[in-house]
Amino acid sequence: MNKLTSLISGAILLFIYLLVQLLERQGILLAYHVQILSLCCINIILVVSLNLINGFTGQFSIGHAGFFAIGAYASAYLTVTWQVPFIFAIICGGILAGIAGLAVGLPALRLRGDYLAIATLGFGEIIRVIILNTDAVGGARGFSGIPKYTTFGLAYLTAIITVVVIRNFVNSDYGRACLAVREDEIAAESLGVNSTYFKVLAFTIGAFFAGAAGTLFSHYLQYMAPTPSQIGFVKSIDILIMLVLGGLGSITGSVIAAIVLTVIPELLRGFAEYRMIIYPILLILVMLYRPSGLLAGQEFSLASLAQLFKGAKAHGNHS
Amino acid sequence: MATTAELMVDNLCVQFGGLKAVDQVCFSLKPQTLAGLIGPNGAGKTTVFNALTGLCPVSSGQISFCEKQLTNEPPHTIARHGIARTFQNIRLFNNLTVLDNLRIAYHQNRQYSLLCGIFRSPRFKREEAQITAKAREALDLVGLADKSEHIAGSLPYGEQRRVEIARALMLSPKLLLLDEPAAGMNPQETQTLLELIRKLRDELKITVLLIEHDMKLVMNLCEELFVLDYGHLIAKGDPKSIQSNERVVEAYLGGSWA
């Protein structure tokens, strides 16, 4: 069963990729559409990695754009100045963001709740202001001339890797320790879980993937501007909205919300300025009717779908 | 004497500001004793537990366990040395399943590395199966084998208490601290609990120290009692001698036990 479902999942994922490639070649999907799809993948990486910190470990961080920015700028600097291979740049972007996560997490994760949120928000803004004042990465003019290395396939693959790694992490003893810290730190400690270690670990892993997402982003748009909406708190809030909408502690919820909230603003372009009203109304409606997010801590999987189907069938036979 | 003391508490003081919650308490426990810590509300019983498990700072004095100094070590280190506990106000991981509650507690015995977990190596699978089996075994012991997939917070109170005990057992502790395990239980549940605690001591060779207000349970179960009042240890000894101890009767038990 387990092997079968992962085989089917793999086949579906491959099919989606081939479908996009085919449709693009046929001219049905325009560059604009492929760009949205790639942004979906990048947002999936961001939201799922934030979910590890906020959803699974319960540490309310709103500085995710800071790690994203570190990855985006550091990797762009590497590829522009030293022409390093892109794969290497992605890993470097991730590692640098991870180191930043470690450096910020160690002191900041002593704080709880609102205080941690403010501290991480502050960290994100510090990163943005540092970038704004660093001439080597364009300063206030923005960083232009970044080579276009990111393809849809690469973003897609990275998103899949992120989801699989974080899912496996969460379902291991390490992930359980993080859940324990979220649920009750005192009980976790009294069961031998070093809560500080696991908070910092989750923070570092989350930051690593945010950095990788940043690398993909800067090498897709080929231009980075140090504005709040691209690398500042507005970006952090965007990721947070996707996370909350999908449901804290649900990876599939994060994936769905990342896709939906990347696509909806594009669909609403026809409504011009009204989209600024429609979009928040949609969010309010979802929060009213699904206050704990679309999937509310549950996971959607082929196995559960099969079970549901089996249950329905058994029920049907019964009556 | 063949068995020396396992837990040694020497001149333990815990001070909150100007209040001495625990004042110069000395006691020791031999391996596999069933001991009770009793006393009126606010006497400092739970504070002693918190000091033993590292949840509140020790102002002065020493705690040693199996000849290791554990004074003011962090709680997770103390847990690793084999002291497990339950809480007066149950602290289960309410949103997780009973099985996951127990599996978390096997944390310190996990051998596989982070990468093994992420790549789901054979070692990871083998160990996870082992952890699950161990958790089911512990659930079986407390008689909750059929509740493994239930969400912990949805269980009735008495069962939550037993899940908490099972979870503590996942640490393979040498010393188990139970903070009012019978609180809110009916007489029948209390009787089951009494048998369970005896079984833990006899089969798993665990030392048990419990805080309890149900004197019937305490007098039937415990072999040694420590009585706290206003942070002072006012008496220690077997249940018989405690029942006839004048200070204890005056401070806590009342006339009917004399």
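Engineer: How do you make sense of the overall build of chain B when you look at a structure like this?
Structural biologist: Each helix and strand counted, chain B has 10 helices and 10 strands in total. Radius of gyration (C-alpha) of chain B: 19 Å, near the 18 Å computed for a compact globule of 258 residues. Along the first, second and third principal axes, the C-alpha set of chain B runs to 65 × 40 × 40 Å. Expressed as a percentage of the 258 residues in chain B, the buried residues total 54%. Restricting to contacts in chain B with at least 6 residues of sequence separation, those with at least 24 account for 68%. Within the structure as shown, chain B displays about 11,400 Å² of accessible surface, and the carbon and sulfur contribution to it stands at 48%. For chain B, the distance from the average site of its 28 positive side-chain charges to the average site of its 28 negative ones is 7 Å.

Engineer: What is the right way to read the confidence of the model for chain B from this model?
Structural biologist: Across chain B, pLDDT averages 91, with 97% of residues at or above 70. With a pTM of 0.91, the predicted complex shows an ipTM of 0.91.

Engineer: Can you help me understand the interface of chain A and chain B in this one?
Structural biologist: By a frequent convention, interface size equals the accessible area lost on bringing the separate parts together. Taken residue by residue, the interface counts 27 residues in chain A and 29 residues in chain B. With both sides pooled, the region where chain A packs onto chain B buries about 2,600 Å², and carbon together with sulfur makes up 62% of that total. Among the residues of chain A in contact with chain B, A:Y174, A:R176 and A:L191 are the three that bury the most area, contributing 27% of the side total. Counting the contacts that link chain A with chain B gives 3 salt bridges.

Engineer: What's the story with the nonpolar core in this structure? I'm lost.
Structural biologist: Generally speaking, a soluble globular protein has its nonpolar side chains buried in company with each other. With 146 residues, the main nonpolar core has A:F169 and B:L102 as its most contacted residues. The element best represented in this core is helix α9 (residues 195–221) of chain A, accounting for 14 residues. Aside from chain neighbours lying at most four places away, what touches A:F169 is A:L52, A:Y174, A:G175, A:C178, A:L201, A:I205, B:L114 and B:I118. Counting residues in hydrophobic clusters, the runner-up holds 28 residues, among them B:V14, B:L29, B:A51 and B:L209.

Engineer: What's the story with the pattern of salt bridges in this structure? I'm lost.
Structural biologist: A side chain of one charge can pair with a side chain of the opposite charge if their charged atoms are brought near each other. Inspection of the entire model under this criterion finds 19 salt bridges over all chains. When the shortest N-O distance is used, the salt bridge between A:R176 and A:D173 registers 3.8 Å. Here A:D173 and A:R176 lie together in helix α7 (residues 173–183), a separation of 3 residues that amounts to about one turn. One exposure class covers both A:R176 and A:D173, and it is buried. Notably, a salt bridge pairs B:R201 with B:D202, separated by 2.9 Å at the nearest N-O pair.

Engineer: Any chance you could explain the side chain of A:S61 here in plain terms?
Structural biologist: Residues and elements named next belong to chain A. Secondary-structure assignment places S61 in the loop between α2 (31–56) and α3 (64–82). There is a polar contact of 3.5 Å between the side chain of S61 and the backbone nitrogen of G63. Non-local contacts of S61, meaning those with residues more than four positions away in its chain, are made with L50, I53, N54, T120, F203 and L240.

What counts, and at which threshold
- Residues numbered from 1 in each chain as written.
- Chains lettered and ligands numbered in written order.
- Predicted model: local features only at pLDDT ≥ 70, side-chain atom pairs only at ≥ 80, totals over all residues.
- Heavy atoms only, no water.
- Helix = DSSP H or I, 4+ residues; strand = E, 2+ residues; numbered from the N terminus.
- Rg over C-alpha atoms; globule rule 2.2 N^0.38 Å.
- Buried < 20%, exposed > 50% of the residue type's maximum accessible area, 1.4 Å probe, protein only.
- Contact = heavy atoms within 4.5 Å.
- Areas by Shrake-Rupley, 256 points an atom, 1.4 Å probe, with all protein chains shown as cover.
- Lys, Arg positive; Asp, Glu negative; His and termini not counted.
- Charge placed at Lys NZ, Arg CZ, Asp CG, Glu CD.
- pLDDT = per-residue confidence, 0-100.
- Buried area = accessible area lost by both parts, 1.4 Å probe.
- Salt bridge = Lys/Arg side-chain N within 4 Å of Asp/Glu carboxyl O.
- Core = buried A, V, L, I, M, F, W, Y, C linked by side-chain atoms within 4.5 Å.
- Polar contact = N/O pair within 3.5 Å; in protein donor to acceptor, adjacent residues only side chain to side chain.

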